[in-house]
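Below are the chains, spelled out letter by letter.
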Amino acid sequence: MSDVFNPYSEWLGIPLDEQPPNHYRLLVITLFEKNSAVIEAAANRQMNYLQEISAGEEHIDEAQRLSLIHI
């Protein structure tokens, strides 16, 4: 078992065999979703979730990186 923190698996529940995740996987939406309202709602949901779990968290840098780069 590794002691290296992996925000994809720890916070987002993405297994190692699905990493690195694509944008759709990060947003937990259907692959190639075209509805911009669905995409926007998913992005807002994930951003809010990352903000909640990273408040006061020792892994704030990882949360910010996921929020700014991937979502």
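Above this text sits the structure in question.
Here the structure is a predicted model, which means the values were calculated and not measured.

Caption draft 1: Expanded view of the nonpolar core. Residues F5, Y8, W11, L12, I14, L26, L50, A63 and L66 constitute the largest nonpolar core, which totals nine residues. Setting aside residues up to four positions removed in sequence, A63 forms contacts with W11, L50 and S54.

Caption draft 2: The packing of aromatic side chains, seen in detail. For the structure shown, the criterion picks out two aromatic pairs. Ring centres of Y24 and F32 lie 5.6 Å apart, and the angle between their planes is 65°; this geometry places the pair in the edge-to-face category. Since its relative accessible area comes to 25%, Y24 is described here as partly exposed. Judged by relative accessible area, F32 falls into the exposed class, the value being 57%.

What counts, and where the lines are drawn
Residues numbered from 1 in each chain as written. Predicted model: local features only at pLDDT ≥ 70, side-chain atom pairs only at ≥ 80, totals over all residues. Heavy atoms only, no water. Core = buried A, V, L, I, M, F, W, Y, C linked by side-chain atoms within 4.5 Å. Buried < 20%, exposed > 50% of the residue type's maximum accessible area, 1.4 Å probe, protein only. Contact = heavy atoms within 4.5 Å. Phe/Tyr/Trp six-rings, centres within 6.5 Å; stacked < 30°, edge-to-face > 60°.

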